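Below, each chain spelled out in residue letters.
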2 protein chains.
Amino acid sequence: MVRPGGRSARVQESVHTAVRELLAEQGREGLTVPQVAHRAGVTPSTIYRRWGDLEQLLSDVAVERLRPETPPEDRGSLAADLESWAEQFLDEMSSTAGRAYIRDALLGDPDGSNAGQCSAYAAEQLDVVLARASVRGEPTPGVERAVDEIVAPLMYRILFRPDGLDAAYARRLAHRALAAAEEPPA
Amino acid sequence: MVRPGGRSARVQESVHTAVRELLAEQGREGLTVPQVAHRAGVTPSTIYRRWGDLEQLLSDVAVERLRPETPPEDRGSLAADLESWAEQFLDEMSSTAGRAYIRDALLGDPDGSNAGQCSAYAAEQLDVVLARASVRGEPTPGVERAVDEIVAPLMYRILFRPDGLDAAYARRLAHRALAAAEEPPA
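All residue numbers here refer to positions counted from 1 along the written sequence of the relevant chain. Labels follow written order: the first chain is A, the first ligand is 1, and so on. Residue-level local features of this predicted model are given only where pLDDT is at least 70; pairs of side-chain atoms are given and counted only at 80 or more, and the full residue set underlies all totals for whole chains, interfaces and linings. Only hydrogens and water are set aside; all other atoms, that is, all heavy atoms of the structure, feed into the side-chain values.

A. Highlighting the overall build of chain A. What counts as a helix is a DSSP run of H or I of at least four residues, what counts as a strand is a run of E of at least two, and both are numbered from the N terminus. In terms of helices and strands, chain A carries nine helices and zero strands. Start at the N end of chain A and walk to the C end: the helices and strands fall as α-α-α-α-α-α-α-α-α. Counting only C-alpha atoms, chain A reaches 55 × 40 × 30 Å along its principal axes. The 186 residues of chain A split such that 45% are buried. Should any heavy atoms of two residues lie within 4.5 Å, those residues are considered in contact. For chain A, contacts bridging at least 24 residues in sequence account for 68% of all contacts bridging at least 6. For chain A, the exposed area adds up to about 9200 Å²; of that, 51% sits on carbon and sulfur atoms. The positive charge centre, built from 21 side chains, and the negative charge centre, built from 29, are 5 Å apart in chain A. Accessibility here uses a 1.4 Å probe with only protein chains present; expressed as a share of the type maximum, an area under 20% marks a residue as buried, one over 50% as exposed, and anything in between as partly exposed. The Shrake-Rupley method, run with a 1.4 Å probe sphere, supplies the accessible areas, and residue values consider only the shown protein chains as cover. In this tally, Asp and Glu contribute negative charge and Lys and Arg positive charge; neither His nor the terminal groups of the chain are included. Just so you know, the charge point we use is NZ for Lys, CZ for Arg, CG for Asp and CD for Glu.

In structure tokens, the structure reads:
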């Protein structure tokens, strides 16, 4: 039960900041809830009450870090926008920090809501790209098809099958999503 | 360092069996290394030495459980084989047990080798399906393309975006892999 209003938001901000600082200073190894509480100036029981355990707190912090900060770049065509988005998504998610955040997000997520939020961020970004293309009059695939063709292979390979993950592969995926735009709707 | 030969294999078998039994009896909650060791008739230090910690042991057991037991069914055409394989893969992986094993496999896997093994199992099964189709003279996509079109969306959605995951979706993915067989190689 999170109380609405200012105090709750301040607690979240200070606890998230404490986690990010401690991760940067010492990494995950040996990180504890009492340590985070001390740095954030709250009691450990505040953290346990709100987040359950360290894994769930790390998952929330990870999702926050995976939130895109800016809308996808507009490069003037769907092909260029998808290529550039796929390359950037791969860069961010396959970095050491990105992999650690994806892992954390999945780990402390008993109901799947944090994983769902990560996926929603990617779908929202693709939606912006596809909506712009529609305005230009370009044919576009649906957003779920773009998720299947671009996001799913990148995330699957980052987690399970990392060989051959490079910018050229990301661009090939973008072109498969483009090709799907020309198909009759299923 | 695992010593080759009979004792090592016997220890692995008895420890894996102990984990499977305890998971079936009581679930993950409260499972400990000393408990597994006691059931398996080995010392806790044997387990720590060989597996590092409980997460890595659970990951090894999960991968073992995710190993396909039979080659994919031969239904006489690539379309039928891919449809049936995709439906069955979705069934198994999205079951409660399947989700728990995927999660365990990813979790206690510091070097990614267990996740890689899961992916290798899927790729090997697809390879059998594709090789059969080649023998029949049917055009086939490469195995990596089939992984992208079928395995990646299913696993991505199981982990991150579970809405709308059903047999009809699995069959649509199979048909995308089929359509890719007709494309000129990239």
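B. Geometry of the relation of the copies chain B and chain A. Placing chain B over chain A gives an RMSD of 0.0 Å and needs a rotation angle of 180°, together with 0.0 Å of translation along the axis. Here the two chains are linked by the operation of a two-fold rotation axis. The share of interface residues of chain B whose copies in chain A are also at the interface is 100%, consistent with both copies meeting through the same surface. Least-squares superposition aligns the copies on the C-alpha atoms of those residues with pLDDT at or above 70 in both.

C. A look at the UniProt feature "domain: HTH tetR-type" (unreviewed entry) in chain A. Using the residue numbers shown here, the UniProt feature "domain: HTH tetR-type" (unreviewed entry) corresponds to residues 9-69 of chain A. Span residues 9-69 of chain A is 77% helix and 0% strand, its end C-alpha atoms 19 Å apart. UniProt positions are given in the numbering used here, feature names are shortened, and annotations may be inferred rather than shown by experiment.

D. Spatial organisation of the packing of helix H5 (residues 78-94) of chain A against helix H8 (residues 143-160) of chain A. Residue and element names in this part refer to chain A. Comment: axis = line fitted to C-alpha atoms, over the contacting stretch for helices; angle = value between 0 and 180 degrees taken between N-to-C directions. The geometry of H5 relative to H8 is characterised by a closest axis approach of 11 Å and an angle of 25° between their N-to-C directions. In this view, H5 runs roughly parallel relative to H8, as classed from their interaxial angle. Between H5 and H8 the crossing geometry is right-handed. Between H5 and H8, the residues in contact are Leu82, Trp85, Ala86, Phe89, Leu90, Met93 and Ser94 and Ile150, Val151, Leu154, Met155 and Ile158, respectively. Any angle from 65 to 115 degrees is called roughly perpendicular, while one under 35 is roughly parallel, one over 145 is roughly antiparallel, and all others are oblique. For any helix crossing, the convention is left-handed if the near helix is rotated counterclockwise from the far helix by under a right angle, and right-handed if that rotation is clockwise.

E. Molecular detail of the side chain of Asp104(B). Inspection of the secondary structure assignment puts Asp104(B) in helix H6 (residues 96-107). Residue contacts for Asp104(B): discarding those within four places in its chain leaves Arg28(B), Glu55(B), Leu58(B), Ser59(B) and Ala62(B).

F. Here's a closer look at the interface of chain B and chain A. With 31 residues of chain B at the contact, the number on the chain A side is 31 residues. Put simply, buried area is how much 1.4 Å-probe accessible surface two parts lose in total, over both of them, once they are put together. Interface area for chain B against chain A, summed over the two sides, is near 2600 Å², with a carbon-plus-sulfur share of 52%. Within this document, salt bridges are pairs made up of a side-chain nitrogen of Lys or Arg and a carboxyl oxygen of Asp or Glu, the two lying within 4 Å of each other. Run the count over chain B and chain A and you get eight salt bridges. Between Arg176(B) and Asp148(A) there is a salt bridge; the shortest N-O distance is 2.9 Å. Counting of polar contacts relies on pairs of N or O atoms within 3.5 Å, with two restrictions inside protein: one atom must be capable of donating a hydrogen and the other of accepting it, and residues adjacent in sequence are counted only when both atoms are side-chain atoms. Taken together, the links from chain B to chain A amount to 18 residue pairs in polar contact (both at pLDDT 80 or more). Within the residue set of the side of chain B that touches chain A, elements represented by two or more residues are H6, helix H7 (113-135), helix H8 (143-160) and helix H9 (167-181) of chain B. Take the side of chain B that touches chain A: its biggest share by element is 13 residues, from H8(B). Three classes are used: nonpolar for Ala, Val, Leu, Ile, Met, Phe, Trp, Tyr, Cys and Pro, charged for Asp, Glu, Lys and Arg, and polar for all others, with Gly counted as polar. Taken together, the residues of the side of chain B that touches chain A sort by class into 18 nonpolar, three polar and ten charged.

G. Region of the structure containing the packing of aromatic side chains. All names here are of chain A. Geometry of aromatic contacts follows a simple scheme: Phe, Tyr and Trp rings, the Trp one being its six-membered ring, pair when their centres are within 6.5 Å, and the pair is stacked under 30 degrees between planes, edge-to-face over 60, tilted otherwise. The tally for this structure, following the rule as stated, stands at four aromatic pairs over all chains. Judged by centre distance (4.8 Å) and plane angle (20°), the ring pair of tryptophan 85 and phenylalanine 89 falls under stacked. Pair noted here: tryptophan 85 and phenylalanine 89 are both in helix H5, with a separation of four residues, about one helical turn. Taken individually, tryptophan 85 and phenylalanine 89 each receive the classification buried, so the pair is uniform in this respect.

H. Structural view of the domain arrangement of chain A. Residue ranges for the domains originate in an automatic or database domain assignment. Per the domain assignment, the segments making up chain A are domain 1 (6-52) and domain 2 (69-181). Just the C-alpha atoms count here: the centres of domain 1 of chain A and domain 2 of chain A sit 30 Å apart.

I. A look at the pattern of salt bridges. For the structure shown, the criterion picks out 34 salt bridges over all chains. One salt bridge connects Glu13(A) with Arg20(A), and the closest N-O pair in it is separated by 3.9 Å. On the basis of relative accessibility, which here comes to 46%, the residue Glu13(A) falls in the partly exposed class. A relative accessible area of 23% places Arg20(A) in the partly exposed class. Among the salt bridges present, the one from Arg39(B) reaches Glu21(B), with a minimum N-O distance of 2.9 Å. Taken together, the residues span a long stretch of sequence, with Arg39(B) in helix H2 (residues 33-40) and Glu21(B) in helix H1 (residues 6-26) at a distance of 18 residues. You can call Glu21(B) partly exposed: its relative accessible area is 33%. Salt bridges sharing partners connect three or more residues here, namely Asp74(A), Asp81(A), Arg132(A), Arg136(A) and Glu138(A).

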